[in-house]
Amino acid sequence: MTPWLIGLDVDGTILLQDETMSPGVPEAVARLRDAGHEVTIATGRSWSATQRYVELLGLTPDYVVCSNGAVTMRRTDDGWERWHIETFDATPVLALLRARLPEARYMVELGSGQRLYTEHLDDWTLDGGRQVDFDELVAEPVSRVVVVSPGHDEEDFHRLVSDAGLNEVSYAIGWTAWLDIAPQGVDKGTALERVRAELGVEGPQVLVAGDGRNDIGMFEWARGIGGRAVAMGQAPSEVVDAAGEITGDVVDGGLADALNTLPAPAQVNAGE
């Protein structure tokens with residue numbers, strides 16, 4: 001039995017809404033890690049908001065996918081480095097969005113990882129960030145754009161994306177009202193494919209799990225190479241449709257149930 005590459009979303013998959021672990025996840029992850037599988041994270045969060053969960057779970061991956069695939073971190077002898085970064089010129093999309101959402105709050109993440117924001121964003125990690133005027137957001141290429149507009153809901157964002165014709169960037173709408181925009185053609189799946197190739201893992205030995213629209217690209221990638229894509233039970237219908245499997249809700253330990261279908265340590269070590 002050869003090791004699997006296992007890519008896990010964080011919010012709504014590993015974590016409950018109060019940021020505690022979903023039942024059974026630490027134990028299931030430890031079992032797979034000890035079996036020699038490559039268990040990693042693939043999240044929309046930045047590295048600064050992801051590293052603590054890598055450490056809390058005791059993960060030892062060579063690579064971690066952040067910022068919806070725009071940033072891939074690599075482990076080094078001295079810690080971590082920003083191994084692969086995708087950036088784009090956000091000027092056109094920010095101008096378009098500002099015209100339609102003048103009261104919204106905006107944040108960009110630079111290739112360096114620094115965050116620039118127009119106003120404070122609740123529930124977002126802004127440590128080391130800098131508040132700037134709107135025009136300064138586009139001073140250099142960015143790896144992501146986040147738009148938070150408390151007066152709008154998910155359906156409003158869907159209409160906005162459609163009306164604005166956001167077809168030159170990749171985007172995902174969060175389970176609360178924010179819009180997360182990445183470079184065109186970039187998602188968790190494109191980053192995980194780079195990781196898979198680097199590690200030499202075969203497609204059928206891939207499992208990914210998530211619950212959000214920003215996981216659809218990752219699901220399509222995994223299924224396209226013969227791997228497994230698992231949607232959490234509470235995922236929206238279009239996310240479930242993109243996955244090949246569905247498990248229980250995050251509050252019921254759905255991720256642990258899915259992970260426990262993979263080989264046990266004795267099977268891997270014995271080469272069965």
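Residues numbered from 1 in each chain as written. Predicted model: local features only at pLDDT ≥ 70, side-chain atom pairs only at ≥ 80, totals over all residues. Heavy atoms only, no water.

Engineer: Summarise the pattern of salt bridges; cite the residues concerned and give the values.
Structural biologist: Pairing between side chains of opposite charge can happen when their charged atoms approach one another. The full count for this structure, using the stated rule, is 17 salt bridges. Linking Glu109 and Arg144 is a salt bridge whose minimum nitrogen-to-oxygen distance equals 3.6 Å. Pair noted here: Glu109 is in strand β6 (residues 105-110) and Arg144 is in strand β9 (residues 142-148), with a separation of 35 residues, a long-range link. With a relative accessible area of 1%, Arg144 lands in the buried category. (Salt bridge = Lys/Arg side-chain N within 4 Å of Asp/Glu carboxyl O. Helix = DSSP H or I, 4+ residues; strand = E, 2+ residues; numbered from the N terminus. Buried < 20%, exposed > 50% of the residue type's maximum accessible area, 1.4 Å probe, protein only.)

Engineer: Would you mind going over the sheet that holds strand β12 (residues 206-210) in detail, with residue names and values included?
Structural biologist: Taken in spatial order, the five strands of this open sheet run β2-β1-β12-β13-β14, and their pairing is parallel. If you trace the sheet from one side to the other, it starts and ends with β2 (38-41) and β14 (245-246), each paired once. Pairing between strand β1 (residues 5-8) and β12: four bridges, direction parallel. Residue pairing for β12: Gly7 is matched across the bridge by Val208. The sheet contacts of helix α5 (residues 188-199) involve β1, β2 and β12, and relative to β1 the element is tilted by about 155°. (Pairing = 2+ DSSP bridges. Contact = heavy atoms within 4.5 Å. Axes fitted to C-alpha atoms, helices over the stretch in contact; angles between N-to-C directions.)

Engineer: Which residues make up the nonpolar core, and what are the values?
Structural biologist: The tendency in soluble globular proteins is for nonpolar side chains to be buried side by side. With 32 residues, the main nonpolar core has Ile6, Leu8, Ile14, Val29, Ile41, Leu255 and Leu259 as its most contacted residues. Elements that contribute at least two residues to this core include exactly β1, α1 (25-34), β2, α2 (51-56), β3 (63-66), β4 (71-76), β12 and α8 (254-259). With sequence-adjacent residues up to four places away left out, Ile6 is seen in contact with Leu32, His37, Glu38, Val39, Thr40, Leu207, Leu259 and Leu262. In this structure, Ala104, Val145, Ala164 and Leu179 belong to the second largest nonpolar core, which totals 26 residues. (Core = buried A, V, L, I, M, F, W, Y, C linked by side-chain atoms within 4.5 Å.)

Honestly, that's just the spatial picture; any functional story needs more than this.
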